[in-house]
Amino acid sequence: MSRLWRDQIQIFLAPGRLDWVRLKRGLRPVQIARSTVFFEPVADAPVWNAALLQLEKVLTEAAGTEVSVILSNHFLRYAALPPQDEITTPAEVKSYAEFRMREVYAERVDSWAISISDWSPFNGAVCAAIPSDLIMQLEQMIARHDGRIKVIEPYLASVYDRWQAQLKGDKIYLAVIENGRICIAITHHGKWQNVRNQRITHNAADDLLAALDQEVIWSGTKETTEFVYLFAPEHPEMTLPQESGWCIIALPAGKVLPLAHYPSAPIDHSGLNQCPA
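Let me sum up the structure you'll find in this document.

Turning our eyes to something else, we now look at the overall build of the protein chain. Of the regular secondary structure elements, the protein chain holds five helices and 13 strands. On C-alpha atoms alone, the protein chain measures out to a radius of gyration of 19 Å, which is about the 19 Å that the 2.2 N^0.38 rule sets for 277 residues. For the C-alpha atoms alone, the extent of the protein chain along its principal axes is close to 55 × 50 × 45 Å. Across the 277 residues that make up the protein chain, the buried fraction comes to 48%. In the protein chain, the proportion of contacts linking residues at least 24 apart, taken out of those at least 6 apart, comes to 61%.

Structure follows, in structure tokens:
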């Protein structure tokens with residue numbers, strides 16, 4: 001079966017939810033099914049185990065499809081690669097990324113697969129680490145159902161790539177919030193500074209504000225009003241206090257819409273996304 005003429009399955013995979021969309025094959029694929037499944041983690045098992053069990057059910061009914069997977073930031077670890085003008089070759093970039101990840105995460109790096117964004121000696125890059133066991137199980141499962149992998153990518157990378165053209169300013173703070181996790185990517189004058197990926201311990205708005213304030217302190221510069229680009233489809237009413245010094249620029253922006261398999265808001269999200277003044 002030609003890849004061009006396969007139906008497509010697009011998936012968002014997270015510890016407690018699976019969002020998927022099926023597109024009918026053709027030159028202009030048409031959405032024919034869409035669903036979200038919520039579930040509880042499996043005790044004494046890797047955090048992705050329950051999600052893969054649910055994905056198996058979906059692929060059983062979707063054999064022979066082309067599969068795209070966006071992985072929740074719960075499954076990822078990130079590190080910024082600050083610019084180094086003496087690093088130019090792919091081998092040097094790979095060694096630099098491995099060094100930075102090991103510097104942050106120590107020996108845990110040995111069980112991860114590392115991917116790197118487009119490298120620039122002048123702007124740096126971002127590297128992401130995914131558990132090798134998760135990648136292997138995904139590949140084996142999709143092959144078992146006669147599927148073909150189109151892409152497996154981190155949630156942060158998908159959001160950044162989708163709205164990169166709308167991210168303006170000398171300082172860019174991009175926050176991607178999902179259930180239980182905040183991920184913030186930071187650039188100054190186009191140069192990668194940091195990627196912060198942390199659990200939500202109180203509520204999303206409080207933890208976002210605390211994280212942003214910490215990043216500003218570490219940077220050593222604070223404007224009267226700072227701006228944060230926010231993609232938080234599971235927290236659509238999120239606000240920050242006016243006197244906080246932070247102004248939210250909500251994504252999506254312009255004519256670029258979210259992908260259909262991005263997560264969306266639960267039925268009841270009251271109280272999860274307000275930061276008290």
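Further remarks concern the nonpolar core. Formed by 50 residues in total, the largest nonpolar core has its most connected members in Ile11, Leu13 and Leu71. Here the element with the most residues in this core is helix H1 (residues 49-60); it accounts for six residues. Excluding residues that lie within four positions of it along the chain, leucine 71 makes contacts with Leu13, Leu76, Ile130, Leu134, Leu138, Ile152, Glu153, Pro154 and Tyr155. Listed in part, the 19 residues of the second largest apolar core include Tyr173, Ala175, Ala211 and Leu240.

Each value, and the rule that gives it
- Residues numbered from 1 in each chain as written.
- Predicted model: local features only at pLDDT ≥ 70, side-chain atom pairs only at ≥ 80, totals over all residues.
- Heavy atoms only, no water.
- Helix = DSSP H or I, 4+ residues; strand = E, 2+ residues; numbered from the N terminus.
- Rg over C-alpha atoms; globule rule 2.2 N^0.38 Å.
- Buried < 20%, exposed > 50% of the residue type's maximum accessible area, 1.4 Å probe, protein only.
- Contact = heavy atoms within 4.5 Å.
- Core = buried A, V, L, I, M, F, W, Y, C linked by side-chain atoms within 4.5 Å.

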